[in-house]
Amino acid sequence: MSGDLPKRYVFLLLPGYSLIGFSCALEALSLANRHPPRDNYYSWRILSEDGQPVPAYNGIAVAADSGLTDLERDETLIVCAGEKVGAASTKRVLNWLRRETKKGGDFGALSSGSYTLALAGLIPGKRVTTHWEYRNALRELAPDVIVEDSIFTVDGRVFTTAGGAASMDLMLFRLHADYGPVLANWVADQMVYTDPRAQTHAQRRSQAGTGVRHGKLALILQIMENNIEDPLTPDEIADLVSLSNRQIERLFGTHLNCSPKKYYLQMRLDKARDLLRQTGLSVTEICVACGFRSISHFSKCYRRAFGISPSREGERRQVAWTEIKASGRG
């Protein structure tokens, strides 16, 4: 078996990428090479746009083997991104991605790298995931993409993950597909990650992941999340779950320590903040997308919740999104 060729990976690091997501993915490949009888199950190389070391969001830089060089058909590409994904998704990077993915190899993304793939126009109609912070922005940017709440997705030759520890789950899934359960289980044990999750496992955000086990309450929260743009009235929600308004009030007070009205409003404001920070949508467009009937009411609620006006929040964006989309996707 020593003569068998390794499966080859290429990691494209974009400035601000998630170091934990990248490290988990790379470590899975590295550990696989320690499993006898082979030491070459996998090989990899690291690319950056200019061939220089790339700083992660926490400032730690990783050296690149080269710049945007040509890929071989049998190489699997992984785009690693994180904060400032818009600025990092330059026209040069997007054009390179369009060209190299045409060669037929598998390709995917960690964390907000799904956003980069969408900017490049590479995932229309595909089931993808991304870190929950970027989910709303991705849905607004690419309505033709099926954005799921799972820790990772596989759709044909495209794979994506929410990043963080979910990168381990994705790579263990790929190890299993490549070489079977013995190698995948051994690597999981080496990583002290003995209960890998399936791709159907949902992401858990701290605010929504309250540990609630009450079925009716979980259903109400899902109904609220599915009706952000056109919020339902308390009576409509009560009818859908066959409870009285008073029963719903008690559920929220017991499990979430707030009223349904307050929780629903905060859910809409959280989405508004995500869109303000991560997209080029106008304040008016975001106001409508989050179910507010007037700019003045939206601004008042937003300022009360976050201590800043929506227009001022928008000014803090680090990238001119309209310029990115005009130069990057055209």
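Note that the coordinates shown come from a computational prediction; the quantities given were computed from them, not determined experimentally.

Participant: I keep staring at the overall build of the protein chain and nothing clicks. Help me out?
Facilitator: For the protein chain, the count of helices and strands is 15 helices and 10 strands. Its C-alpha radius of gyration of 22 Å places the protein chain within 12% of the 20 Å reference for a compact globule of 330 residues. Considered along the principal axes of its C-alpha atoms, the protein chain spans approximately 70 × 45 × 35 Å. Evaluated residue by residue, the protein chain yields a buried proportion of 49% over its 330 residues. Taking the intrachain contacts of the protein chain between residues at least 6 apart in sequence as the baseline, contacts between residues at least 24 apart amount to 68%. Put simply, the protein chain shows about 15800 Å² of open surface, and 49% of that area lies on carbon and sulfur atoms. Between the mean site of the 41 positive side-chain charges and the mean site of the 36 negative ones, the protein chain shows a separation of 5 Å.

Participant: What is the right way to look at the nonpolar core in this model?
Facilitator: General note: in soluble globular proteins, nonpolar side chains tend to be found buried as a group. Counting residues in each nonpolar core, the largest one holds 38 residues, and the members touching the most others are Phe-11, Leu-13, Tyr-17, Phe-22 and Val-187. When contributions to this core are tallied by element, the ones reaching two or more residues are strand S1 (7-13), helix H1 (19-32), strand S2 (42-47), strand S5 (75-80), helix H6 (166-179) and helix H7 (181-190). It is H1 that contributes the most residues to this core, nine residues altogether.

Participant: Explanation requested: unusual backbone geometry in the structure shown.
Facilitator: The omega torsion across Pro-36 and Pro-37 is 10°, close enough to zero to call that bond cis. Residue position: Pro-37 is located in the loop between H1 and S2. Even without glycine at this site, Asn-257 takes up a positive phi of about 55°. Mapped onto the fold, Asn-257 is located in the loop between helix H10 (245-255) and helix H11 (260-278).

Participant: What should I look at first to understand empty space enclosed by the protein in this one?
Facilitator: A water-sized probe rolled over the atoms picks out the places where empty space is left. Going through the model one piece at a time under the given rule, you end up with one cavity of 30 Å³ or more. In this structure, the largest cavity spans a volume of roughly 60 Å³. Around the largest cavity sit Leu-71, Glu-72, Arg-73, Glu-75, Leu-77, Glu-100, Thr-101, Lys-103, Gly-105, Asp-106 and Phe-107, which together line it. The set of elements that each furnish at least two residues to the lining of the largest cavity consists of S5 and helix H3 (91-101). For the lining of the largest cavity, the per-class residue count stands at three nonpolar, two polar and six charged.

Participant: Would you mind showing me how to read the pattern of salt bridges here?
Facilitator: Two side chains with opposite charge may pair up if their charged atoms get near one another. Taken as a whole and judged by the stated rule, the model has 12 salt bridges. In this structure, Glu-148 engages Arg-127 in a salt bridge whose closest nitrogen and oxygen atoms are separated by 3.5 Å. Placement of the pair is Glu-148 in the loop between strand S8 (146-147) and strand S9 (152-155) and Arg-127 in strand S7 (residues 127-128), with a sequence separation of 21 residues. With a relative accessible area of 24%, Glu-148 lands in the partly exposed category. Exposure remark for Arg-127: the relative accessible area of 29% places this residue in the partly exposed category. Here Asp-149 ties to Arg-135 by a salt bridge, and the two come within 2.7 Å at their closest N and O atoms. On the criterion of sequence distance, the pair formed by Asp-149 in the loop between S8 and S9 and Arg-135 in helix H5 (residues 132-141) is long-range, its members being 14 residues apart. When its relative accessible area of 31% is taken as the criterion, Asp-149 is described as partly exposed. Among the charged side chains, a salt-bridge network with shared partners connects Arg-8, Arg-45, Asp-74 and Glu-75.

Participant: Whenever I open this one, the environment of Pro-36 confuses me. Can you help?
Facilitator: Within the secondary structure, Pro-36 is located in the loop between H1 and S2. Placed 147 residues apart in sequence, Pro-36 and Leu-183 show a C-alpha to C-alpha distance of 9.4 Å.

Participant: Looking at this structure, I do not really get the sheet that holds S1. What am I missing?
Facilitator: Note: strands within a sheet are paired through backbone hydrogen bonds, in either parallel or antiparallel orientation. What the six strands build is an open sheet, ordered S2-S1-S5-S6-S10-S9; its pairing is mixed. The strands lining the two open edges of the sheet, one partner per strand, are S2 and S9. Ignoring which end each strand starts from, the neighbouring axes of this sheet average 15° apart. Two strands pair when backbone bridges link them, and S1 and S5 are joined in this way by six bridges, in the parallel orientation. For Arg-8, the partnering residue across the bridge sits in S5 and is Glu-75. Together, S1, S2, S5 and strand S6 (107-110) form the strand contacts of H3, whose direction differs from that of S5 by roughly 155°.

Participant: How should the confidence of the model for the protein chain be read in this particular structure?
Facilitator: The predicted coordinates ought not to be read in detail in places where the model reports low pLDDT. Counting all residues, the mean pLDDT for the protein chain is 88, and 91% of those residues have values of 70 or more. In the model, residues 205-212 has pLDDT below 50 throughout and makes 12 contacts with residues more than four positions away in sequence or in other chains. In this model residues 318-330 is a low-confidence stretch, pLDDT under 50, and it forms 28 contacts with partners more than four residues away in sequence or in other chains.

Participant: Which parts of the structure should I look at to understand the environment of Leu-175?
Facilitator: Looking at the element boundaries, Leu-175 is found in helix H6. Here Leu-175 falls in the buried class, since its relative accessible area comes to 0%. Separated by 147 residues in the primary sequence, Leu-175 and Ala-28 have C-alpha atoms spaced 8.4 Å apart. Other than its neighbours up to four places away in sequence, Leu-175 contacts Ala-28, Leu-29, Ala-32, Tyr-42, Gly-180, Leu-183, Ala-184 and Val-187.

Each value, and the rule that gives it
Residues numbered from 1 in each chain as written. Predicted model: local features only at pLDDT ≥ 70, side-chain atom pairs only at ≥ 80, totals over all residues. Heavy atoms only, no water. Helix = DSSP H or I, 4+ residues; strand = E, 2+ residues; numbered from the N terminus. Rg over C-alpha atoms; globule rule 2.2 N^0.38 Å. Buried < 20%, exposed > 50% of the residue type's maximum accessible area, 1.4 Å probe, protein only. Contact = heavy atoms within 4.5 Å. Areas by Shrake-Rupley, 256 points an atom, 1.4 Å probe, with all protein chains shown as cover. Lys, Arg positive; Asp, Glu negative; His and termini not counted. Charge placed at Lys NZ, Arg CZ, Asp CG, Glu CD. Core = buried A, V, L, I, M, F, W, Y, C linked by side-chain atoms within 4.5 Å. 1 Å grid on protein atoms, 1.4 Å probe; cavity = no way out; pocket = protein on both sides within 12 Å on 5 of 7 lines; lining within 4 Å. Points joined across faces, edges and corners; volume = space filled by probe spheres on them. Nonpolar A, V, L, I, M, F, W, Y, C, P; charged D, E, K, R; others polar. Salt bridge = Lys/Arg side-chain N within 4 Å of Asp/Glu carboxyl O. Pairing = 2+ DSSP bridges. Axes fitted to C-alpha atoms, helices over the stretch in contact; angles between N-to-C directions. pLDDT = per-residue confidence, 0-100.

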